[in-house]
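# Inside the fold
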There are 4 protein chains.
Amino acid sequence: MACSKFEYVKLFEQHTTLLPNTFLVVRLDGHAFHRFTSTHSFHKPNDPRCLNLMSHAARHVLDSLPDITCAYGQSDEFSFALRRKSTLYKRREAKIATNICSLFTAAFCCAWKQFFEGVEMRYPPSFDARVVAYPTERNLRDYFAWRQADCHVNNLYNTVFWSLVQAPTSPLTEQQAQRLLRDTDAAAKNELLFSRFGINYSKLPEMYRKGTVLFRKPVMVSSVSSRDGVTLVERMKSCVVAEHRDVIGDEFWVENKYILED
Amino acid sequence: MACSKFEYVKLFEQHTTLLPNTFLVVRLDGHAFHRFTSTHSFHKPNDPRCLNLMSHAARHVLDSLPDITCAYGQSDEFSFALRRKSTLYKRREAKIATNICSLFTAAFCCAWKQFFEGVEMRYPPSFDARVVAYPTERNLRDYFAWRQADCHVNNLYNTVFWSLVQAPTSPLTEQQAQRLLRDTDAAAKNELLFSRFGINYSKLPEMYRKGTVLFRKPVMVSSVSSRDGVTLVERMKSCVVAEHRDVIGDEFWVENKYILED
Amino acid sequence: MACSKFEYVKLFEQHTTLLPNTFLVVRLDGHAFHRFTSTHSFHKPNDPRCLNLMSHAARHVLDSLPDITCAYGQSDEFSFALRRKSTLYKRREAKIATNICSLFTAAFCCAWKQFFEGVEMRYPPSFDARVVAYPTERNLRDYFAWRQADCHVNNLYNTVFWSLVQAPTSPLTEQQAQRLLRDTDAAAKNELLFSRFGINYSKLPEMYRKGTVLFRKPVMVSSVSSRDGVTLVERMKSCVVAEHRDVIGDEFWVENKYILED
Amino acid sequence: MACSKFEYVKLFEQHTTLLPNTFLVVRLDGHAFHRFTSTHSFHKPNDPRCLNLMSHAARHVLDSLPDITCAYGQSDEFSFALRRKSTLYKRREAKIATNICSLFTAAFCCAWKQFFEGVEMRYPPSFDARVVAYPTERNLRDYFAWRQADCHVNNLYNTVFWSLVQAPTSPLTEQQAQRLLRDTDAAAKNELLFSRFGINYSKLPEMYRKGTVLFRKPVMVSSVSSRDGVTLVERMKSCVVAEHRDVIGDEFWVENKYILED
């Protein structure tokens, strides 16, 4: 509608378009979350309230954008995959990244109270996001495997680290714990956890060890017929489900072929 | 910390970096705000609750990022200017756009209740954002002039349009109003407003007609000395102020030279 | 080696990197070749001297860059495909495009005399180039199919057009020929060629109708042994061959699987 | 003209457009010129035949593209500046870089014989190119200053280096010369040149020490009137001139204001 001699400045906009026929992944990260988690006294190494709130916010993103096939989250990050043929926002990089980041942020803030009962939010948190294009199924699967392997490595480390620091008897300082763990491999960390704290790492909640994957599952839903208002009608509907399961092996991908299809 | 054979997928990330020594402008827009405003029964043509909430959220962005020199908002959009020499997030396009968008969204959601007392938020709103680089002072000023000219044109139109549609006696349908206004110039719209509704457009609130500009102003603040806890100490501090004023002419820019400087 | 206070300007360089694990295609076009062909009185609709010189220049590019798997040329254009895993020039777009364009231009100019005996080059010709990334085998094959379909359509048109314009008796002007051909389909053009000029289009040289594809073929070469300087030694060597054949169907791709492989 | 079901592949092309209202600089470099110069036995440290051929090729580029305001060359590189407001090829990065690189390459190859009389070109040379955008006059001037400072530093080094290696009596190996020069400053190199070889560096040809700048100069040209074929008519014409002069100080830029203007 508007029209002025200043309108030429619009020509300076440069729209990066993501390569067609590639899988797109948007990864969100908590921005300066170190400060946010300590201001709000998050539990260490994992705060289930936050993890559940993250999943809740991710579900809002999937509910808003049907082109997102699945999402994977751990710690203060969440990744969203778009189907190969998606033309969401004409595949404009900035629009995809900023809108997904905004949808997530809004849901996170609005649902804070549900998940952090009795905890006042001291200041609004923020996130940042990036988009990456992956040309093959293998690349996309390896992306998710990368994040889940990262979850495993970090969570094992953090579990031992915080056990040492929060030990009821002779706790270590953070620096001491760091020094102790330097150069230990996974086996040594597992051993230390068990021998010193009686913790069997493999028995810890899967949400901590594997992260959370959200995907769409066809489920049977029944509703009252709109025709007569009485009869129960059953139909298949795609629902977003959240599970804490392996995405490195084949099983998940064989079960959910739709993610890799056109 | 993490390290796996999947890590190669990181190489697919492509970081667009914005040209050094240019002014950067991030413009946020409400995403699908037509639905959001009607779901929440926003007042038409302007809802001061929303405009004030937008400014509040923008202020949060300026408070969080000192490299932002000023911001301009109208309707459901807000633009933020970064200083020419800013190296915020290494000038990475995605990080700048997503984080500013996220900061704004979070503040908008968290402060909803303050501005929309008694109005329940039915679903979380979202925004999108883009970054544009401007090489010269002239280009940057013309950018802001463009948005303010746009504000003027749209607001005049919307004011007449909604006056016709919401007229207490013989209101028009939206389609009729649209048809009536097609091809009318500014003078005709002013005349129509005055003759039919007794509205003098130039007397309407400046917030509606000019939008809102946020900028940093050195102000004198006094505080109790930390030395003796008694003496009042005065010092200059840069504060974010919001004004509804012209940014097309020279005055604003002469007064606030820091915006265009290095 | 050099170091000065001016060196900061290097930071303004922005290196676009092409998405890993995608096929890269560089397409060269003659720049302002209309003028170049008329200045040098090229034969119409096809000048075999130019087509052969183009292929010669393309062969020089394949000889210089082993990562190029095949090339396809027609008219004043040539396309080069790089293998999916190529890391040539770190996949920097500008370097790949400019160097291939330069190699081609240089070979074209240096071999002019061999192909245009007795024709003085009046001024140096130039080309331009672009790089495109294709994520799948299907996309890459469709790219070559696109260019060959284009060759067919253009060549049929041009053959009729120039037959009409160069007709020994009652030739048409270019405008008349254009008007006559407007809206004719392929069948009509074939018919016109045959009935009026006795030309059976399908009997015209394949180089004109199909263009030229260059690819690498393992061939047996024999050379004198470096050990005794006498014995003949045979070994397989990859040679660049040029053929005028179909690249739309499967045959070419099945025969030359290496093009689509990693 | 062409139209086929394969045409969708065109959508994969991504056209990077260079920021409007910025100075554009295209820098060409000889590709693998170490091999090219040794194959053709170029004189060391400077071969005037090559430098003159480079300037000749650069002149061809300026003659072909009026939007290029000036160019600067040294060693095997040449930089071309486009005016701020240029819309050459819609400011498409690939097209600008490849076409300028191709024009230069073609002219270099075609004029080889004029400059290298009696020297057969053993294989076609090639170049590569990049485009950089500079937002301010200062940045553009600093770019040229950077290249000229680089010329100075390299040429001083190379002059001493090759004097040592080519010394008629007790020449050093390249490795010995390199080791000797490591960590010497400019004064030491000048001193060494003078004391050992009687060479006063500042008396060496300016073409070697300062490189070559090409720019447009209005000159008076006289021609026979087309009206009567007799009268001599004088008019101003813009001609490309080549000079070996300082571009770091103000003088050149004050004299040639047009370069920095719109």
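Just so it is clear, the model here is predicted, and its values are computed rather than measured.

On to the sheet that holds strand β3 (residues 77-82) of chain B, then. Ordered in space as β4-β1-β3-β2-β5-β6 (chain B), the six strands form an open sheet in which the pairing is antiparallel. Of all the strands in the sheet, just β4 (126-134) and β6 (232-243) of chain B have a single pairing partner and so form its edges. Taken pair by pair, the neighbouring strands of this sheet meet at an average axis angle of 25°, ignoring direction. Pairing between strand β2 (residues 68-74) of chain B and β3 of chain B: six bridges, direction antiparallel. Note on β3 of chain B: the bridge partner recorded for Y72 of chain B is S79 of chain B. With respect to the sheet, helix α3 (residues 93-110) of chain A is in contact with β1 (23-31) and β4 of chain B, its orientation differing from that of β4 of chain B by roughly 140°. Lying over the sheet, helix α5 (residues 137-165) of chain B contacts β1, β2, β3 and β4 of chain B, oriented at roughly 25° with respect to β2 of chain B.

A few words now on the pattern of salt bridges. Oppositely charged side chains are able to pair whenever their charged atoms sit close together. Applying the stated criterion across every chain yields a total of 64 salt bridges over all chains. Its salt-bridge partner being E13 of chain A, residue K10 of chain A comes within 3.7 Å of it at the nearest N-O pair. R27 of chain D is the salt-bridge partner of D29 of chain D, the closest N and O atoms lying 3.7 Å from each other. Look at D29 of chain D and you get buried, because its relative accessible area is 17%. Under the relative-accessibility criterion, R27 of chain D is labelled buried at 6%. Three or more residues are tied together by salt bridges with common partners; here these are K10 and E13 of chain A together with R27, D29 and R130 of chain B.

Our focus in this paragraph is the interface of chain A and chain B. Contacts between the two partners involve 55 residues from chain A and, on the opposite side, 56 residues from chain B. In this assembly, chain A and chain B are joined by six salt bridges. Counting the contacts that link chain A with chain B gives 22 residue pairs in polar contact (both at pLDDT 80 or more). Going through the elements one at a time, β1 (23-31), α3, β4 (126-134) and α5 (137-165) of chain A are the ones with two or more residues in the side of chain A that touches chain B.

Bringing the sheet that holds strand β2 (residues 68-74) of chain A into the picture now. Residue and element names in this part refer to chain A. What the six strands build is an open sheet, ordered β4-β1-β3-β2-β5-β6; its pairing is antiparallel. Looking at the sheet topology across the chains shown, the edges are occupied by β4 and β6 (232-243). Within this sheet the neighbouring strands show an average axis-to-axis angle of 25°, counted without direction. Both strand β5 (residues 212-224) and β6 contribute to a ladder of 12 bridges, which runs antiparallel. Considered in β6, the bridge of L214 is made with A242. Sitting on the sheet, helix α2 (residues 48-64) is in contact with β2, β3 (77-82), β4, β5 and β6, with an inclination near 20° to β3. Contacting β1, β2, β3 and β4, α5 crosses the sheet at an angle of about 25° to β2.

With that out of the way, let us pick up the relation of the copies chain D and chain A. When chain D is fitted onto chain A, the two copies agree to an RMSD of 0.1 Å after a turn of 180° and an axial shift of 0.1 Å. Such a combination of turn and shift is consistent with a two-fold rotation axis. The rotation axis passes nearest to the C-alpha of T16 of chain D in chain D, at a distance of 4.1 Å. Residue by residue, 100% of the interface of chain D is reproduced at the interface of chain A, so both copies engage with the same surface.

Let us now look at the interface of chain D and chain A. On the side of chain A, eight residues touch chain D, which itself brings eight residues to the contact. Around 610 Å² of area is buried between chain D and chain A when both sides are counted, 63% of it from carbon and sulfur atoms. Looking only at chain D, the three residues that lose the most surface to chain A are F12, Q14 and P20 of chain D, adding up to 68% of its buried area. Counting across the interface, chain D meets chain A through two residue pairs in polar contact (both at pLDDT 80 or more).

For the rest of this paragraph, the subject is the side chain of R130 of chain B. Following the sequence through the fold, R130 of chain B ends up in strand β4. Only 3.3 Å separates the side chain of R130 of chain B from the side chain of E13 of chain A, close enough to count as a polar contact.

With that out of the way, let us pick up the relation of the copies chain A and chain B. When chain A is brought onto chain B, the operation consists of a screw motion whose angular component is 180° and whose axial shift is 0.0 Å, with 0.0 Å RMSD remaining. A high fraction, 100%, of the interface residues of chain A reappear at the interface in chain B, so the copies pair face to face through one surface.

Residues and elements named next belong to chain A. As for its position among the elements, I68 is in strand β2. It is 17 Å that separates the C-alpha atoms of I68 and E243, two residues lying 175 residues apart in sequence. For I68, the residues in contact, after removing those within four places along its chain, are V61, L62, F80, A81, L82, I100 and R216.

Here we come to the state of the cysteines. Each disulfide is one covalent bond, formed between the sulfur atoms of two cysteines. The tally for this structure, following the rule as stated, stands at zero disulfides over all chains. Sulfur of C239 of chain A: no disulfide; nearest cysteine sulfur belongs to C70 of chain A and is 16 Å away. Between C70 of chain B, a cysteine without a disulfide, and C151 of chain B, which holds the nearest cysteine sulfur, the sulfur-to-sulfur distance is 16 Å. According to the relative accessible area criterion, C70 of chain B is buried, its value standing at 2%.

With that settled, consider unusual backbone geometry. In terms of backbone geometry, most residues other than glycine have negative phi values and most peptide bonds are trans. For the bond from K44 of chain C to P45 of chain C, the omega torsion is 5°, close enough to zero to count as cis. Here P45 of chain C shows up in the loop between α1 (33-39) and α2 (48-64). The phi dihedral of D183 of chain B falls on the positive side, at around 75°, and the residue is not glycine. Here D183 of chain B is to be found in the loop between α6 (174-181) and α7 (186-197).

Right, let's get into the UniProt feature "binding site: Mg(2+) 2" (unreviewed entry) in chain A. All names here are of chain A. In the numbering used here, UniProt assigns the "binding site: Mg(2+) 2" (unreviewed entry) feature to D29 and D76. Sequence-wise these annotated residues cover 48 residues; spatially they are packed, their C-alpha atoms never more than 5.9 Å apart. Assignment of secondary structure puts D29 in strand β1. Once you skip the residues sitting within four places of it in the chain, D29 turns out to touch D76, E77, S126, F127, D128 and R130. For D76, the position within the fold is in the loop between β2 and β3. The exposure class assigned to D76 is partly exposed, which follows from its relative accessible area of 22%. Apart from the residues within four sequence positions on either side, D76 is in contact with L28, D29, G30, F33 and M54.

Analysis parameters
Position labels on residues start from 1 in each chain and follow its written sequence. All chains are assigned letters beginning at A, and all ligands numbers beginning at 1, according to the order in which they are written. Local features in this predicted model are restricted to residues whose pLDDT is 70 or higher, and side-chain atom pairs enter the listing and the counts only when it is 80 or higher, whereas totals over whole chains, interfaces and linings include all residues. Water and hydrogen atoms were dropped before computing side-chain values, which therefore reflect all heavy atoms in the structure. In this analysis, strands are considered paired if DSSP registers two or more bridges between them. Every helix listed is a DSSP run of H or I at least four residues long, and every strand listed is a run of E at least two residues long, numbered separately from the N terminus. Between N-to-C directions, angles span 0 to 180 degrees; the directions come from axes that are lines fitted to C-alpha atoms, helices contributing only their stretch in contact. Pairs of residues are marked as contacts when any of their non-hydrogen atoms sit within 4.5 Å. The working definition used for a salt bridge is a side-chain nitrogen of Lys or Arg within 4 Å of a carboxyl oxygen of Asp or Glu. Here's how the labels work: a residue is buried when its accessible area is under 20% of the maximum for its type, exposed when over 50%, partly exposed in between, all with a 1.4 Å probe on protein chains only. Here a polar contact means two N or O atoms within 3.5 Å. Within protein one must be a hydrogen donor candidate and the other an acceptor candidate, and residues neighboring in sequence count only if both atoms are side-chain atoms. For the least-squares superposition of copies, only C-alpha atoms count, and only for residues with pLDDT at least 70 in both. The quantity reported as buried area is the accessible area (1.4 Å probe) lost by two parts once they are put together, taken as the sum for both. Disulfides are defined as pairs of cysteine sulfur atoms found within 2.5 Å of each other. UniProt positions are given in the numbering used here, feature names are shortened, and annotations may be inferred rather than shown by experiment.

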